[in-house]
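# Chain and residue survey
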Amino acid sequence: MRIPLADLYNTPDERNLLDTMKQGVIGKPLDRPEGPLKVSGTATYSAEWKLDGCVEGMLVLADIPQGTVKTIHRDAILGMPGVLAVLADEAMVRRSAQGTAGKAPVQDVHTVDYFGQPVALVVADTFEQARDAALALRVDYDAAEDRVAFDPQSPDAEVEQPSDQKPVKGGDLDQAMRDAAFSIDVEYDTPGHASAAMEPHATIAHWEDDHLILRGSYQMLAFNVKEIADCLSMSTKKVRIIAPYVGGGFGSKLGITHEAVAAAIASKELGRPVRVVMTRQQVFQTVMRRSETRQRVRLAADPAGRIIGLGHEALVSNLPAEDFAEPVTQATEFLYGGENRLLKVDVARICRMTAGSVRAPGEAVGMQVLEAAMDELAEKVGIDPIVLRKRNLPAKVPVEGTPYSSRMLVEALEQGAAQFGWNKRKAAPCETREGDWWIGMGVASAARVNMLIPAEARVTLKADGTALVETDQTDIGTGSYAILGQIAGEMLGLPISRVKVVLGDTTLPPGAGSGGSFGAISTGSAVLRACEAIRTKLARKMDGDAETLEIRDGMASVDGRQRSLVDLLEGEDMAEIGSIKPGKTFKDFSQASYGAFFAEVGVHAFTGEVRVRRMTGAFGFGRVLNAKTARSQCLGGMVWGIGSALTEELAFDLRDGHLVNHDLAEYHVPVHADVPALEVILLEERDAAASPLQAKGVGELGICGAAGAIANAVRNACGVRVRSFPLTLDKIIPHLPDPFASAA
Ligand code: MOS
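Residues numbered from 1 in each chain as written. Predicted model: local features only at pLDDT ≥ 70, side-chain atom pairs only at ≥ 80, totals over all residues. Heavy atoms only, no water.

### Looking at the packing of aromatic side chains
Two descriptors summarise a pair of aromatic rings, namely the distance from one centre to the other and the angle between the planes of the rings. Under the counting rule described, the total for this entry stands at 10 aromatic pairs. Taking the centre distance of 6.4 Å and the plane angle of 25° together, the rings of Y188 and F725 count as stacked. With Y188 in strand β10 (residues 182-190) and F725 in the loop between α18 (706-718) and α19 (729-732), this residue pair connects regions lying 537 residues apart in the sequence. Just as Y188 is buried, F725 falls in that class too. Joined through ring pairs, the aromatic side chains of Y45, Y245 and Y481 make up one cluster. Its end group placed over the ring of Y404, R407 keeps NZ or CZ at 4.3 Å from the ring centre. Sitting over the ring of W438, R433 keeps its end group 4.8 Å from the ring centre. (Phe/Tyr/Trp six-rings, centres within 6.5 Å; stacked < 30°, edge-to-face > 60°. Helix = DSSP H or I, 4+ residues; strand = E, 2+ residues; numbered from the N terminus. Buried < 20%, exposed > 50% of the residue type's maximum accessible area, 1.4 Å probe, protein only. Lys NZ or Arg CZ within 6 Å of the ring centre and 35° of its normal.)

### Here we look at the side chain of S525
Tracing the backbone shows S525 in helix α14 (residues 519-541). Judged by its relative accessible area of 0%, S525 falls in the buried class. Apart from the residues lying within four places of it in its own chain, the contact partners of S525 are L452, A520, I580, S691, P692 and L693. (Contact = heavy atoms within 4.5 Å.)

### A few points about the sheet that holds strand β22 (residues 499-502)
Spatially, the five strands line up as an open sheet ordered β1-β26-β20-β21-β22, and their pairing is mixed. Taken across any chain shown, the strands that pair with only one partner, and hence form the sheet edges, are β1 (8-9) and β22. As judged from the four bridges shared by strand β20 (residues 455-461) and strand β21 (residues 467-470), these two strands associate in the antiparallel manner. Residue pairing for β21: T460 is matched across the bridge by L468. Against the sheet, helix α13 (residues 480-492) engages β20, β21 and β22, with an angle of about 140° to β22. Sheet contacts for α14: β1, β20, β21 and β26 (574-582); angle to β26, the most-contacted strand, approximately 140°. (Pairing = 2+ DSSP bridges. Axes fitted to C-alpha atoms, helices over the stretch in contact; angles between N-to-C directions.)

### Some words on the environment of P81
Within the element layout of this structure, P81 appears in the loop between α3 (75-78) and β4 (83-87). With a relative accessible area of 59%, P81 lands in the exposed category. When the C-alpha positions of P81 and D125 are compared, they lie 8.6 Å apart, and in sequence the two are 44 residues distant.

### Here we look at the sheet that holds strand β3 (residues 67-72)
Pairing within the open sheet is antiparallel, and its three strands lie in the order β5-β3-β7. Strand pairing shows two members of the sheet lacking a second neighbour, β5 (111-112) and β7 (139-143), which therefore form its edges. Across five bridges, the pairing between β3 and β7 is antiparallel. Residue pairing for β7: T68 is matched across the bridge by D142.

### Regarding the nonpolar core
L232, V603, M615 and I732 are the most contacted members of the largest nonpolar core, which totals 128 residues. Ranked by residues supplied to this core, first place goes to helix α10 (residues 363-381) with 10 residues. Dropping the residues within four chain positions of it, I732 is found in contact with V603, G608, V610, V714, C718, V720, V722 and L727. Counting 51 residues, the second largest nonpolar core, distinct from the first, contains M21, A512, L528 and I551. (Core = buried A, V, L, I, M, F, W, Y, C linked by side-chain atoms within 4.5 Å.)

### Some points on the domain arrangement of the protein
What the domain assignment lists for the protein is domain 1 (8-30 + 452-583) and domain 2 (400-450 + 591-735). The centre of domain 1, based on its C-alpha atoms, is set 35 Å off from the matching centre of domain 2. Contacts between the two partners involve 29 residues from domain 1, matched on the other side by 24 residues from domain 2. Here domain 1 meets domain 2 over a buried area of about 2000 Å², counting both sides, of which 56% is carbon and sulfur. (Domains from an automatic or database assignment. Buried area = accessible area lost by both parts, 1.4 Å probe.)

### Regarding the packing of helix α17 (residues 627-646) against α18
Pairs of packed helices are described in terms of their axes, by the angle between the two and the distance that separates them. Axis separation between α17 and α18 bottoms out at 7 Å; the angle between their running directions is 50°. The angle between the axes of α17 and α18 places the two elements in the oblique class. Where α17 crosses over α18, the handedness of that crossing is right-handed. Residues G641, I642, S644, A645 and L646 of α17 form the contact with α18, whose participating residues are A706, A707 and I710. In terms of residue class, the contact of α17 with α18 is made up of six nonpolar, two polar and no charged. (Parallel < 35°, antiparallel > 145°, perpendicular 65-115°, else oblique. Left-handed = near helix turned anticlockwise from the far one by under 90°. Nonpolar A, V, L, I, M, F, W, Y, C, P; charged D, E, K, R; others polar.)

### Focus: unusual backbone geometry
The amide bond that connects F725 to the next residue, P726, takes the cis arrangement and shows omega of -5°. By the secondary structure assignment, P726 is in the loop between α18 and α19. In this model, C430 sits at a positive phi of 55°, which is unusual for a non-glycine residue. Relative to the elements of secondary structure, C430 occurs in the loop between α12 (409-420) and β18 (433-434). In this structure, D543 is a non-glycine residue whose phi angle is positive, near 55°. Its location among the elements puts D543 in the loop between α14 and β23 (550-552).

Here it is as structure tokens:
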């Protein structure tokens, strides 16, 4: 039942289908259909499924950074109340398998690579019994003598170039730096970040004969099936994952984590369902981190502020043998001009837990630094930072020469500035004082690559005139249920109350999954294509063609002839599977979502405390599928931007690599009191090269550069330029101007 349209996205779909439909639901700020379930606590999250005979597993983590497991004293705890088993061998996977599908991520079980690596699972009748026994389990290790350096910047750190990121080189950057009328050459640091999803990682596993069923919290189910099948050396056909509701992921659930594999193995051994829920501390210490970065930025400009040379070099870290390296310079490649350039990323091998994708991997930390450096350049050149940015937007991607599919950066900067009141900003620092507070404003661009990922979805137009959308796509809090229903409702001429969306089960056609801001446009495009196929069939039934078919509120018409869908269907359901895969449009165009951030901060003249007073973001990401859920994504990104700028920082103890601030009390995500009213402007745009929906990704855009705007506002407020995120007050106080001198 595949649709006749080629599923490879090779040619921009200029038909602008969604704007020609009559239902009028696409783009509307509709509520999430699953919202009432979530706020009433009745949506079933991973750990909440009730399975008969389910027992509880608790992971035991290594408390040394490197070495080998010598003895696990399991006998000592097997007699404790309720304890059923201690698993500690063979297939116990000890690190998250992100990016290793197809490469059997099972490691040598006797080797400890980082503090916090799971080495055993204790299973007991109740959670408390499992936890008690896990705490009592003694594990002897041979600690390794020769440790990998903990500090990625130490001279003995092992540094290599990631295989998937080749340096970008053009012209002669050193010469450009010498020729420049104005230049900066600065180093910035950003710390590691935690995903800090609200729902801890959790899995309930059970077996039906040789079929494994997992209920858990994951982002990309079709991919996760491959991972778990790899880990257990079994066929993907015998694995089913169910995950209708996921309490956030931010990258930490892109790949399966240890609890999933451990639960599956334990369930097989015990012949009953096993639930493994990570504690908050385990999530922090074990799952995944965003790498810390050190970034050197060089900008060389002519007298007018046009960039002639651009360097962006980053040092990140990961465990040995992990493929992922935070792609810090990803947006720098296409954002600003300057033919003389050098962009590169190096990865230091250190033994902290796996570094992986954390919301907007690359841009989140790369853009905040690039945008702070741009502010430094604007100050040197003596021009407005918005003017500097507008002056440096290339016609095509430097070096590569690829054209842009669409780019609303100028509009974002201008409309954002107007809304924010940028014209009230004083160019020089320390010009505005309110009582004990210095007040300043800062701006930054936003940019995040756009990706289309293979996806399938089934749409069934039911005989009763309702529609059913089915795919294993997840909704990790982003609004998948809402937007997929809106796409189907628009295309099939049905009010949203007559469209049902079923997600998060791998028995359904494989969607894109949630990650990299690609879920909505990829799986949404598959839904669009399925609906197109249905429209073609409906039109045929009315002796017309799909182009002239109009449907609204379940009434179809062709050339003035009207029939209801129920009537047309004659008691039969009509089902189609739509699919999409990235094709030539992906290579032919540089695709990214853009925006601009404006922040106003107060810096306390005596203590150096920074408060964000207000923030405006303007974003262009192609068609807006749902103005409410899209806005929510932007807000969430900006909130994390406040965290990146001011509070969030993984603190490792360099003696043994343990994470000191491994919970939400000590790892400071912004709370309500830290977040002022945020304004979001959604710009009108269509991008046919990006997807048949003419939409681009928005999920991660709101964080990409946000912290830079805040850092720039701090500089503008009090004159202090901090090149080490987060901007905690200890880094500000020593450089503050005399608080009394200008207080009068
Ligand atoms: Mo994302 S960091 O690809 O969930």
